[in-house]
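One letter stands for each residue in the lines below.
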Amino acid sequence: MSESVDEHKGEAVGPAVGERNSAVEPSAAAVQDSFPKAALAASSDGDGRFAARINCVRHRYEDGSKVELCGLEFAVERGQRVAVLGPNGSGKTTLFFHLVGILRPSEGAVSVLGVDPAHDFAKVRQRIGVVLQNVDEQLLAPTVWDDVSFSPRQYGLPRGEVKRLTEQALERIGIGHLRDKVPHYLSGGEKRKVAIAGALVMEPELLILDEPFEGLDPHARQQVLDLLNRLVAERGMTLITSTHDVNLVPEMADDVYVLAQGGHIVLHGTPAEVFAHAEVLQASNIEPPVLARLFEDLTRRTGVHLPMPASLEEAADRLAQIIGTERPGAQRAGQDQWGSPPLR
Amino acid sequence: MDIATVDYWANAGGSYLHRASPTAKLMAAALGLAAVIVVFNLFLVATVFVLVVALAWRAGIPVRKLILISLYPGVFALLFAMAQFHGDFIIPGTTIAKAVGAASVVVLLIATTPYPRLFAALRPVLPGFIVEVLYVTYRSVFILLGVLSDVLIAVRLRGGFTGRALGRRLQGAAVALAVATLRSFEISERTYAVMQMRGYSGRISGEASGGLHLRDVPLVGAAAAVAGQAFLFRYEWRALNPFSWAPFAAALLVLAVAMLVPRAAVAGGRERPVSEMLRGDAQ
Amino acid sequence: MSHLHVPDGILPLWLILVGWLATVLMLAVAMHALRGRERARTVPQIGIVSALLIAAMSTEIVPIAYHANLTVLAGIILGPAGGVVAAFAVNLILALFGHGGITVVGLNTVVIGSETVLGYVLFYLFVRLLPRHVGVAAGMATVITLFLSTSLSIGIIALSQINPAEARDMGSLNPHTLSFSNPFKEGVLANRIVTPEQEGGASSTLSLKRFAEAMYALGAIGWTLESLLTGFLVSFVARVRPSLLRQPILGAALAGGDG
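Definitions and cut-offs
- Starting afresh in each chain, residues are numbered from 1 along the sequence in its written order.
- Whichever chain is written first becomes A and whichever ligand is written first becomes 1, with later ones labelled in order.
- Given that this is a predicted model, residues contribute local features only at a pLDDT of at least 70 and side-chain atom pairs are listed and counted only at 80 or more, while totals for whole chains, interfaces and linings are drawn from all residues.
- The helix and strand labels rest on DSSP assignments: H or I over at least four residues marks a helix, E over at least two residues marks a strand, and numbering proceeds from the N terminus.
- Whether a residue is buried, exposed or partly exposed is read from the other C-beta atoms within 10 Å of its own C-beta, which are placed from the backbone; 20 or more gives buried, 12 or fewer gives exposed, and intermediate counts give partly exposed.
- We call two residues in contact when the distance between their C-beta atoms, placed using the backbone, is within 7 Å.
- Note that the domain bounds were set by an automatic or database domain assignment.
- Residues are sorted three ways: Asp, Glu, Lys and Arg are charged, Ala, Val, Leu, Ile, Met, Phe, Trp, Tyr, Cys and Pro are nonpolar, and all the rest, Gly among them, are polar.
- Arc, as used here, means the arc of the directions from the helix axis to the C-beta atoms.
- Helix axes are fitted only over the stretch in contact, all axes being lines through C-alpha atoms; the angle between N-to-C directions runs from 0 to 180 degrees.
- Oblique is the label for every angle not falling under 35 degrees (roughly parallel), over 145 degrees (roughly antiparallel), or within 65 to 115 degrees (roughly perpendicular).
- Two helices that cross are described as forming a left-handed crossing if the nearer one is turned anticlockwise from the farther one by less than a right angle, and a right-handed crossing if clockwise.
- Every helix has an expected span of 1.5 Å times one less than the residues it contains.
- In short, DSSP must find at least two bridges between two strands for them to pair.
- Per-residue confidence from the prediction method is given by pLDDT, with values spanning 0 to 100.

Caption draft 1: Molecular detail of the overall build of chain C. Along the backbone of chain C there are 8 helices and 4 strands. Each helix (α) and strand (β) of chain C, taken in turn from the N terminus, gives the series α-α-β-β-α-α-α-α-β-β-α-α. Here chain C holds 259 residues, and 54% of them are scored as buried. Across chain C, contacts joining residues at least 24 apart in sequence account for 69% of those joining residues at least 6 apart.

Shown next, in the form of structure tokens:
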């Protein structure tokens, strides 16, 4: 992935741990002034560079509570894999609801695939796949097959095409054997897989997943992760996810946003950059991945610069190099115990 | 919750009855209902009931539970039965029997046919909008039952429902229902959002309304025979009533055969009784 | 107990058919009223409220005698058109489950549908008189609605002329004389046929009265409980999601406020 460029800051941001180049929240006023609504609209029209942008959106709920998705700009480029981290109640779900037009901001602007989702989601919905956090409410149809085939049927596609797309989605997620099952008799993980299949069935350009791995066992998690990475690599799909599992983040995202309580976007950068800011993360109740902490600690103690590894395999590689006694033929870390290598 | 139990029976079973087409089962149920309603003869009402039990047995449906569920309308029939009581137990008894018999037919239908498939079979006679509402209602019942059971557990754990005091029960129920009501709104909004995002244009289920197959003929034929016999007895009661014990005896015979012939021997051994699955499955 | 728990086989066929006809008409009117609205919105809202009613009716607060109805609440939230559709869906699903006769779904929909409509009308009337006491308004609306619907139920039963609970009405039909007789008047085993001439018996208009008394008496307890429950639920909703009550027709939308 190319290094991320924060165009409004004019800096190229590098990937190394220890270099505090990643963006940290500037003063709120400065941010607000630099992103007027018109500029946002003009810069992300039609099939522009950005799949999604949020410009300092404020939302007030009926019970009076407020979420302000301000601070750093939320801008997702096409083909990127973006992860949103934050404590519970920080507004992750609010952000997602704004992206899909379920919520309309009291102030600020949102743009997804060039349109305002609160008004024009219908124009782009065939190109977007969404899975929200509560899967039960998203499984509407009587059987799994009915649910996965939901979108193609609604869009009036011919029967053969519906069948092809649905079978493809079922096979991809590996749930073909569930096709005739009734949703409420599935396990949580199976339900989530069904929902993801339903989101992927129309081969979307943008996939938005709120906590996609919740309820999945490690094997299923890896399966889904590999599939998503493959779709991004092969089709240039854009991926926006949120997760609690920080250890997965290096494998599933090129770009990370960290939210604090109340919705403030306090960190933005590559996983390596973001996980270097331990204090900011701690304030948001996030613990950096084990590997990041380990390598940060090693860097500090030894003085040797150790870039944060993106995966377990990379970490093992680096450590093995340093230790210098890697045995030939040994099982490589990063091969999961079911034998499938991680997708690179 | 009974509705959840019956839904499980309908989805888990693989008997002949389970595999019959929903349209055929609807027709058979209608004929069975007609038979119960038309007659006023305790023997003939009992005939239908006994046949239902026989079918339930073969389908692997837990018979005792089915009878218990069917007794529920019988309790209400009691009120009407009492209004009819003039020193003679037979008339009120038959009224109650009719209620229970009719319910047993319907419960057998729903115990062997998942609700959505029934809705699909009803598509030709109901407006599409109503069918959609039925689908969402069905799914939502299970979502809400989940919510309700969690809340009821919480209430119970905090001491609600203790004692038999009506006030306590009402309070506990009120809290549970308040939470359920609130969740309902949120769920309906999110469902709307999801339907919109997925492009809903009016048809949740892709299932075709399904027709009749050759293998359904025995079922519908038998039901038609029972209904025909009931009509006959009703209109030629003068001549036939003395023989009304005959259909009842025949039904008992059918029941005996149904219970004695091992289930695996029927339908090529592909049957797997629900009661076995209930015992063996982790739900 | 306003829900007509009339089992199958009691009411005469003509009355059953009238019930179904009335239901078809009510549904046609309701669907016409809803036609302009987005299906993606109306279907889930009516569906969820129907599910809520089913879940409530399945929770026995006092076993057999009382279960929460929530029909008035449904009317308040969904409005009359949605309420009628919900009434039908609830009745059909419950009847298919054996919780009520399947033939009387028509009549039941008329009774319950009218509860939702009446509840809606009365609530919004009372709320204008008592704007600060939403719960009380709901409670009052519930009591009156249930009284009226119970009366409707009794009226329907009266129409069916069950009350002349004589042998004549309860026996099999003799198509020639159009009279009924009880084949078991002498007991099951005796199995003798009673001829039309032998029938007689005092008129039993008393039965209807007794029946009505029982219904009103039991009903009064039910109405009280139901109005307490509905009042509580409505005031709860008013506190937590007031927008739902401000826009009664199918409730308010997503925060952000479109209709």
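Caption draft 2: Spotlight on the overall build of chain B. Summing up its helical and strand segments, chain B has 13 helices and 0 strands in all. From first element to last, N terminus to C terminus, chain B shows the α and β order α-α-α-α-α-α-α-α-α-α-α-α-α. Taking all 283 residues of chain B together, the buried fraction comes to 52%. Sequence-distant contacts, at least 24 apart, represent 80% of the contacts inside chain B between residues at least 6 apart.

Caption draft 3: A look at the domain arrangement of chain B. All names here are of chain B. Partitioning chain B into structural domains gives domain 1 (2-120 + 211-280) and domain 2 (127-197). Between domain 1 and domain 2, the residue contacts involve 5 residues of the former and 6 residues of the latter. Secondary-structure elements contributing two or more residues to the side of domain 1 that touches domain 2 are helix H1 (2-12) and helix H7 (115-122). The biggest single contributor to the side of domain 1 that touches domain 2 is H7, with 3 residues. Here the side of domain 1 that touches domain 2 is composed, by residue class, of 5 nonpolar, no polar and no charged.

Caption draft 4: Representation of helix H4 (residues 117-124) of chain A. Three or more residues of H4(A) are buried, namely A:Pro117, A:Ala118 and A:Phe121. The arc that holds every buried residue of H4(A), seen down its axis, measures 45°, which confines them to one face.

Caption draft 5: Geometry of the interface of chain B and chain C. Facing the 73 residues of chain B at the interface are 70 residues of chain C. Looking at side-chain class alone, the side of chain B that touches chain C contains 52 nonpolar, 14 polar and 7 charged residues.

Caption draft 6: Quick look at the packing of helix H3 (residues 71-96) of chain C against helix H4 (residues 105-129) of chain C. Residue and element names in this part refer to chain C. Viewed as axis vectors pointing N to C, H3 and H4 meet at an angle of 165°, and their least axial separation amounts to 8 Å. Judged on the interaxial angle alone, H4 and H3 are roughly antiparallel. The hand of the H3/H4 crossing is right-handed. Split by residue class, the contact of H3 with H4 holds 15 nonpolar, 10 polar and 1 charged.

Caption draft 7: A look at unusual backbone geometry. In the Ramachandran plot, A:Glu211 falls in the positive-phi region, its phi being about 55° despite a non-glycine side chain. Position of A:Glu211 among the secondary structure elements: in the loop between strand S10 (206-210) and helix H9 (218-235). A residue is classified by how many C-beta atoms lie within 10 Å of it, and A:Glu211, with 20 of them, is buried. A positive phi angle is found at C:Leu70, which is not glycine, with a value near 60°. Mapped onto the elements of the fold, C:Leu70 is located in the loop between strand S2 (66-67) and H3.

Caption draft 8: A look at helix H2 (residues 39-57) of chain C. With 19 residues, H2(C) should reach 27 Å at 1.5 Å per residue; the first-to-last C-alpha distance of 26 Å fits that figure. In terms of residue burial, H2(C) counts as a mostly covered element, since 17 of its 19 residues are buried.

Caption draft 9: Here's a closer look at the pairing of strand S12 (residues 255-259) of chain A. All names here are of chain A. A large share of S12 lies buried, amounting to 5 of its 5 residues. Alternating residues of S12 divide into Asp255, Tyr257 and Leu259 and Val256 and Val258, and every residue in both groups is buried. Bridge analysis of strand S7 (residues 81-85) against S12 gives 4 bridges, and the strand direction is parallel. When the sheet's bridge partners are listed, Ala83 is paired in S12 with Val256. Inspection of the sheet shows S12 paired to strand S13 (residues 265-269) by 4 bridges, in the antiparallel sense. Following the sheet pairing, Tyr257 is matched in S13 by His268. As consecutive antiparallel partners, S12 and S13 are separated by 5 residues, and within that stretch Gly262 has a phi angle of approximately 90°, a positive value.

Caption draft 10: Layout of the confidence of the model for chain B. Residue and element names in this part refer to chain B. Put simply, chain B has an average pLDDT of 83, and 87% of its residues get 70 or more. In this model, residues 265-272 is a region of pLDDT below 50 whose contacts with residues beyond four sequence positions or in other chains number 12 contacts. Predicted confidence for residues 277-283 stays below pLDDT 50, and this span has 2 contacts to residues more than four positions away or in other chains.

Caption draft 11: Spotlight on the pairing of strand S9 (residues 128-131) of chain A. All names here are of chain A. The alternating pattern of S9 places Ile128 and Val130 on one face and Gly129 and Val131 on the opposite face, and all of these are buried. With 4 bridges connecting them, S9 and S10 associate as parallel partners. Within the sheet, the bridge partner assigned to Val131 lies in S10 and is Leu209.

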